[in-house]
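Each chain, written out:
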Amino acid sequence: MAVLAFTPTATAQPLTSAELPAVEWLKFQVPAAAQPDFIAQDAAIWTPVLSSYPGFQTKEIWTNPDRPDELVIVIHWNSFADWQAIPKNVLDRTTEKFHAAMNAEYTPEATGFRLAWRSDSE
């Protein structure tokens, strides 16, 4: 019987750069019937605003098959500083426009993540 040995090819080492990539993660409770409109309005209102700022990379909207009333928006930024550079008045104005378009207010559970390690960082 052969014994397999595992040798890790990458080790978890924190990155030290001040300009690490960031991921914005926003979880919303949206009734399943409202999700197509939510996604369309988000694409029409939020995406053009966010993508006009330096550092925006991509944006995705995920559904949760275990929770049909849950959507998660994932936005990738070049850096945490780029993400945080969007003026508050722009965020407030865009939020108001989105809520008006939806005829409802959706408040996200918001979390942001900074990169701690990735396989190609060595």
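Residues numbered from 1 in each chain as written. Predicted model: local features only at pLDDT ≥ 70, side-chain atom pairs only at ≥ 80, totals over all residues. Heavy atoms only, no water.

Asks: What should I look at first to understand the side chain of Ser 79 in this one?
Replies: Position of Ser 79 among the secondary structure elements: in the loop between strand E3 (67–77) and helix H2 (80–84). A residue is classified by how much of its surface remains accessible, and Ser 79, at 1% relative accessible area, is buried. A polar contact of 3.0 Å, which involves the side chain of Ser 79, links it to the backbone nitrogen of Asp 82. (Helix = DSSP H or I, 4+ residues; strand = E, 2+ residues; numbered from the N terminus. Buried < 20%, exposed > 50% of the residue type's maximum accessible area, 1.4 Å probe, protein only. Polar contact = N/O pair within 3.5 Å; in protein donor to acceptor, adjacent residues only side chain to side chain.)

Asks: Honestly, the sheet that holds strand E4 (residues 109–114) in this entry has me stumped. Any pointers?
Replies: Across a sheet, paired strands are connected by hydrogen bonds in the backbone, their directions being either parallel or antiparallel. The four strands are arranged E2-E3-E1-E4 in an open sheet whose pairing can be described as antiparallel. Sheet topology places strand E2 (56–64) and E4 at the edges, where each strand pairs with a single neighbour. With direction set aside, neighbouring strand axes in the sheet form an average angle of 15°. Of the pairings in the sheet, the one linking strand E1 (residues 22–29) to E3 comprises eight bridges and is antiparallel in character. In the strand pairing of E3, Val 23 is matched with His 76. Lying on the sheet, helix H1 (residues 35–51) is in contact with E1, E2 and E3; it crosses E3 at an angle near 15°. (Pairing = 2+ DSSP bridges. Axes fitted to C-alpha atoms, helices over the stretch in contact; angles between N-to-C directions. Contact = heavy atoms within 4.5 Å.)

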